[in-house]
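Given next are the chains, with one letter for each unit.
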Amino acid sequence: MAKPAQGAKYRGSIHDFPGFDPNQDAEALYTAMKGFGSDKEAILDIITSRSNRQRQEICQSYKSLYGKDLIADLKYELTGKFERLIVGLMRPPAYCDAKEIKDAISGIGTDEKCLIEILASRTNEQMHQLVAAYKDAYERDLEADIIGDTSGHFQKMLVVLLQGTREEDDVVSEDLVQQDVQDLYEAGELKWGTDEAQFIYILGNRSKQHLRLVFDEYLKTTGKPIEASIRGELSGDFEKLMLAVVKCIRSTPEYFAERLFKAMKGLGTRDNTLIRIMVSRSELDMLDIREIFRTKYEKSLYSMIKNDTSGEYKKSLLKLCGGDDDAAGQFFPEAAQVAYQMWELSAVARVELKGTVRPANDFNPDADAKALRKAMKGLGTDEDTIIDIITHRSNAQRQQIRQTFKSHFGRDLMSDLKSEISGDLARLILGLMMPPAHYDAKQLKKAMEGAGTDEKALIEILATRTNAEIRAINEAYKEDYHKSLEDALSSDTSGHFRRILISLATGDREEGGENLDQAREDAQEIADTPSGDKTSLETRFMTILCTRSYPHLRRVFQEFIKMTNYDVEHTIKKEMSGDVRDAFVAIVQSVKNKPLFFADKLYKSMKGAGTDEKTLTRIMVSRSEIDLLNIRREFIEKYDKSLHQAIEGDTSGDFLKALLALCGGED
């Protein structure tokens with residue numbers, strides 16, 4: 001069994017089996033494979049309950065007792081995915097990695113994803129063992145085989161990683177950190193073309209601790225994360241490899257949690273990836289992977305495996321997983337802290353918010369007003385000109401254009417636009433022409449008028465706006481509809497949900513920093529509510545989530561984890577339901593990372609059959625001058641495709657052109 005570093009806790013899901021007897025296990029396996037058919041339950045129960053070290057002893061005992069090779073017998077008796085999994089568990093880890101790489105580079109084509117996953121994630125010691133195992137198993141040199149099957153900068157980085165010579169000193173030189181930041185910046189962003197050699201040297205050799213500081217300083221210096229620069233400067237398999245290296249530097253368990261999720265999401269399962277990770281991490285960091293998986297994807301790894309696989313294959317994977325994190329008492333404090341730090345480090349407070357639409361240089365409202373009038377005059381409409389002007393001006397500049405248009409032509413620009421364009425494009429362009437508070441007021445009004453209420457729109461707006469924005473919305477609502485927003489909410493909603501919305505609509509959230517003592521009291525307040533006492537629980541959550549400042553709530557969430565070993569979002573989803581649950585979850589997600597909240601909303605508006613154009617339009621309009629650039633970065637980080645690509649694949653025509661103009665670029 002793999003040993004944790006000195007002073008570190010063991011984070012694998014598979015342990016040495018107590019009372020282990022290799023001869024007894026060898027006999028049981030022989031009996032399970034004897035005669036017609038095989039007892040797969042007995043095989044999986046033994047092999048998934050023993051550590052790798054113990055499995056090697058079983059192999060030796062089996063050969064001594066029966067003069068046969070256990071792995072060969074298992075291959076003969078089992079088939080398919082179940083066989084691949086069981087045989088993988090029977091190999092020593094380095095030999096298992098060697099077999100995966102051999103398969104990846106054998107035959108026609110290369111499995112680059114497998115090469116990237118293994119070589120980007122292994123430690124120096126694991127890399128040395130892998131090279132030796134490959135030589136022993138195949139009597140070939142691994143480096144030579146990789147060179148023969150890959151090319152270019154991708155090949156060079158693989159060879160660097162294969163050396164297993166990454167620095168391991170925890171003492172970091174601040175001067176060297178600054179030098180590496182400058183070298184990376186000059187090799188990419190500041191250079192015509194890219195100096196790939198600098199990226200390879202620094203990311204392939206520096207220690208993890210050093211590189212984490214480099215990444216932090218790079219963000220401060222350039223205003224963008226290192227991942228964004230890699231995506232902008234590199235391409236193809238080399239880009240994917242470097243991004244994998246960065247992810248593993250930041251958090252190896254998070255990298256594998258993401259790989260597992262992608263292996264099972266959507267139609268079909270990438271079983272080779274699923275097997276490889278479950279086998280290779282079961283004695284290293286499976287508990288950390290599980291925790292991050294549940295926090296990041298709002299479901300347990302166990303439940304996703306259970307729903308995505310079947311038969312003995314499923315049973316074996318679930319044994320390796322080691323437990324269901326949605327079940328009571330299954331949360332692990334150490335990993336809960338890792339999960340908290342994961343989103344705390346990406347919280348908005350640490351990143352400058354940037355929109356994609358900025359004031360146009362050399363702005364001339366007179367020229368714009370005339371160009372818009374010309375675009376709408378006569379037969380037909382020049383939609384391209386309308387889109388180009390309106391999506392490339394700030395909202396303040398658009399208001400100047402409206403005034404100039406009326407002064408010049410005695411006409412209302414909004415009315416003219418309404419008569420000339422229609423459908424999704426009209427909603428988008430007219431939304432951009434409204435002052436932000438009036439736009440939000442209109443969206444709230446639409447959410448409450450007619451039959452039924454659009455609770456999701458109410459939640460999205462009221463749970464994410466600042467105090468100043470909420471107060472401006474209140475004034476705009478009163479001005480436009482001659483009724484207070486509070487009265488409208490009272491008339492159209494009920495119960496705790498109404499109370500939450502009205503509390504948010506006051507725009508009276510505290511705006512100070514965190515208070516540690518108060519944060520502990522607040523965390524205790526919501527942690528102490530007995531399970532099942534729904535009314536009391538909702539009241540306590542509302543009192544705290546709707547009134548405390550964002551920095552303070554982040555501290556409350558951390559203290560809540562320390563007290564309960566649960567993320568507050570998980571507790572809300574478990575204990576509450578309906579609109580109340582959705583409102584509280586939106587507040588928590590907004591506090592954690594508002595751009596990520598909107599990235600998720602955008603993704604959901606475009607996934608599956610059909611597009612939710614209203615949500616898509618509302619977010620693109622309302623966030624274009626606030627944090628749409630940050631939303632873009634969160635989108636590509638989480639969903640492995642750019643917002644630009646998602647919009648391009650899900651919309652069309654002039655609506656598509658306008659959305660892409662607001663999006664501001666391809667990441």
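Residues numbered from 1 in each chain as written. Predicted model: local features only at pLDDT ≥ 70, side-chain atom pairs only at ≥ 80, totals over all residues. Heavy atoms only, no water.

The name recorded for the chain in an unreviewed UniProt entry is Annexin, from Macaca mulatta. Looking at the chain in UniProt, the text filed under Function (unreviewed entry) is "May associate with CD21. May regulate the release of Ca(2+) from intracellular stores." Its UniProt record gives the chain a comment under Sequence similarities (unreviewed entry), which states: "Belongs to the annexin family." (UniProt positions renumbered as here; feature names shortened; annotations may be inferred.)

Visitor: Explanation requested: the overall build of the chain in the structure shown.
Guide: For the chain, the count of helices and strands is 39 helices and zero strands. Computed over C-alpha atoms, the radius of gyration of the chain comes to 29 Å, within 12% of the 26 Å expected from 2.2 N^0.38 for 667 residues, which places it in the range of a compact globule. Judged by the C-alpha coordinates and their principal axes, the chain covers about 100 × 60 × 55 Å. Taking all 667 residues of the chain together, 52% fall into the buried category. When the accessible surface of the chain is totalled, it reaches about 29400 Å², and 47% of it is carbon and sulfur. (Helix = DSSP H or I, 4+ residues; strand = E, 2+ residues; numbered from the N terminus. Rg over C-alpha atoms; globule rule 2.2 N^0.38 Å. Buried < 20%, exposed > 50% of the residue type's maximum accessible area, 1.4 Å probe, protein only. Areas by Shrake-Rupley, 256 points an atom, 1.4 Å probe, with all protein chains shown as cover.)

Visitor: Help me understand the nonpolar core, please; the structure alone is not making it clear to me.
Guide: A general feature of soluble globular proteins is that nonpolar side chains tend to end up buried together. Counting 98 residues, the largest nonpolar core has Phe584 and Met620 as its most contacted members. Ranked by residue count, the leading element in this core is helix H35 (residues 578-606), at 14 residues. With near-sequence residues (within four places) excluded, methionine 620 lies in contact with Leu602, Leu628, Leu643, Ile647, Leu659, Leu662 and Cys663. Among the nonpolar cores identified, the runner-up in size contains 94 residues, and Ile116, Met157, Ile230 and Ile289 belong to it. (Core = buried A, V, L, I, M, F, W, Y, C linked by side-chain atoms within 4.5 Å. Contact = heavy atoms within 4.5 Å.)

Visitor: It is not clear to me how the packing of helix H14 (residues 226-233) against helix H15 (residues 236-264) should be interpreted in this structure. Could you clarify?
Guide: Working note: a packed helix pair is described by the angle between its axes plus the distance between those axes. Put simply, H14 and H15 touch, their axes get as near as 9 Å, and they point 170° apart. In this view, H14 runs roughly antiparallel relative to H15, as classed from their interaxial angle. Contact residues: H14 offers Ile226, Glu227, Ile230 and Arg231, while H15 offers Glu239, Met242, Leu243, Val246 and Arg250. Considering only residue class, the contact of H14 with H15 consists of five nonpolar, no polar and four charged. (Axes fitted to C-alpha atoms, helices over the stretch in contact; angles between N-to-C directions. Parallel < 35°, antiparallel > 145°, perpendicular 65-115°, else oblique. Nonpolar A, V, L, I, M, F, W, Y, C, P; charged D, E, K, R; others polar.)

Visitor: Help me understand unusual backbone geometry, please; the structure alone is not making it clear to me.
Guide: Of all residues except glycine, most have a negative phi; of all peptide bonds, most are trans. Positive phi, close to 55°, is recorded for aspartate 362, a residue that is not glycine. Positive phi values are uncommon outside glycine, yet aspartate 640 reaches one of about 60°. Looking at where aspartate 640 falls in the secondary structure, it is placed in the loop between helix H37 (628-639) and helix H38 (643-650).

Visitor: Would you mind showing me how to read the domain arrangement of the chain here?
Guide: Interface size is commonly expressed as the accessible area that is lost once the parts come together. Looking at the chain, the domain boundaries give domain 1 (22-89), domain 2 (94-252), domain 3 (267-348) and domain 4 (516-592). Contact with domain 2, which involves nine residues of that partner, is made by nine residues of domain 3. Summing the contributions of domain 2 and of domain 3, the shared interface buries around 680 Å²; its carbon and sulfur component is 44%. Glutamate 100 is the salt-bridge partner of arginine 276, the closest N and O atoms lying 3.1 Å from each other. On the surface where domain 2 and domain 3 come into contact, there are two residue pairs in polar contact (both at pLDDT 80 or more). Those elements that provide at least two residues to the side of domain 2 that touches domain 3 are helix H6 (93-105), helix H7 (112-121) and H15. (Domains from an automatic or database assignment. Buried area = accessible area lost by both parts, 1.4 Å probe. Salt bridge = Lys/Arg side-chain N within 4 Å of Asp/Glu carboxyl O. Polar contact = N/O pair within 3.5 Å; in protein donor to acceptor, adjacent residues only side chain to side chain.)

Visitor: Any chance you could explain the pattern of salt bridges here in plain terms?
Guide: This model, assessed by the stated rule, comprises 51 salt bridges. The partner of arginine 259 in a salt bridge is glutamate 117, and the shortest N-O contact between them spans 2.9 Å. You can see arginine 259 sitting in helix H15 and its partner glutamate 117 sitting in helix H7, a full 142 residues away along the chain. Here the two residues arginine 259 and glutamate 117 agree in accessibility, since each one is buried. The residue glutamate 514 makes a salt bridge to arginine 555 at a minimum N-O spacing of 3.0 Å. Placement of glutamate 514 in the loop between helix H30 (495-505) and helix H31 (516-527) and of arginine 555 in helix H33 (residues 550-564) is noted, with a sequence separation of 41 residues between them.

Visitor: In this structure, what is going on with the environment of glycine 12? I would like to understand it.
Guide: Here glycine 12 lies in the segment before helix H1 (22-32). A C-alpha to C-alpha distance of 7.1 Å links glycine 12 and arginine 281, two positions 269 residues apart in sequence. If we skip the residues at most four places from it in the chain, glycine 12 touches Ser282, Glu283, Leu284, Asp285, Met286 and Leu287.

Visitor: I tried to follow helix H27 (residues 455-462) on my own but got confused; where do I start?
Guide: Spacing of three or four residues puts side chains on the same side of an α-helix, whose turn is 3.6 residues. Most of H27 is tucked away: six of the eight residues are buried. Those residues of H27 that sit buried are Ala457, Leu458, Ile459, Glu460, Ile461 and Leu462. On its buried side, H27 packs onto helix H26 (436-448), helix H28 (467-481), helix H29 (485-492), H30, H35 and helix H36 (613-623).

Visitor: I'm lost on helix H11 (residues 174-187) in this one. Help?
Guide: Here H11 is 14 residues long and its end C-alpha atoms lie 20 Å apart, about the 20 Å a rise of 1.5 Å per residue gives. Buried residues of H11: Val177, Asp180, Val181, Asp183, Leu184 and Ala187, and no others. One face of H11 carries all of its buried residues, which in axial projection span an arc of 165°. Turned more than 90 degrees from where H11 packs its buried face, Glu174 and Asp175 sit exposed. Structurally, H11 contributes buried residues whose contacts are with helix H12 (196-205), helix H13 (208-222) and H14. (Expected span 1.5 Å × (residues − 1). Arc of directions from axis to C-beta.)

Visitor: Is there a simple way to think about the environment of leucine 553 in this case?
Guide: Within the element layout of this structure, leucine 553 appears in helix H33. The exposure class assigned to leucine 553 is buried, which follows from its relative accessible area of 0%. Note: C-alpha distance between leucine 553 and lysine 592 (39 residues apart in sequence) is 8.8 Å. Look past the residues within four positions of leucine 553 in its chain and what remains in contact with it is Arg509, Ile544, Leu545, Arg548 and Val591.

Visitor: Please explain the environment of asparagine 205 as it appears in this structure.
Guide: Within the secondary structure, asparagine 205 is located in helix H12. Exposure remark for asparagine 205: the relative accessible area of 17% places this residue in the buried category. The sequence separation of asparagine 205 and glutamate 168 amounts to 37 residues, and the corresponding C-alpha distance is 9.4 Å. Leaving out residues up to four positions away in the same chain, asparagine 205 has contacts with Val160, Thr165, Arg166, Glu167 and Ile200. Within the structure, asparagine 205 has its side chain in polar contact with the backbone oxygen of tyrosine 201 (distance 2.9 Å).

Visitor: Is there a simple way to explain the packing of aromatic side chains in this structure?
Guide: Each aromatic ring pair is described using two quantities: the centre-to-centre distance and the angle formed by the ring planes. Evaluation of the coordinates by the stated rule reveals 16 aromatic pairs. Arranged with centres 5.9 Å apart and planes meeting at 40°, the rings of phenylalanine 541 and phenylalanine 584 form a pair that is tilted. In this pair, phenylalanine 541 is assigned in helix H32 (residues 534-545) and phenylalanine 584 in helix H35, connecting sequence segments 43 residues apart. Its relative accessible area of 1% is what places phenylalanine 541 among the buried residues. Among the aromatic residues, those joined into a ring-pair cluster are Tyr30, Tyr62 and Tyr66. Stacked on the ring of tyrosine 138, the Lys or Arg lysine 102 has its end atom at 5.5 Å from the ring centre. The ring of tyrosine 481 carries the charged tip of lysine 445 above its face, separated from the ring centre by 5.4 Å. (Phe/Tyr/Trp six-rings, centres within 6.5 Å; stacked < 30°, edge-to-face > 60°. Lys NZ or Arg CZ within 6 Å of the ring centre and 35° of its normal.)

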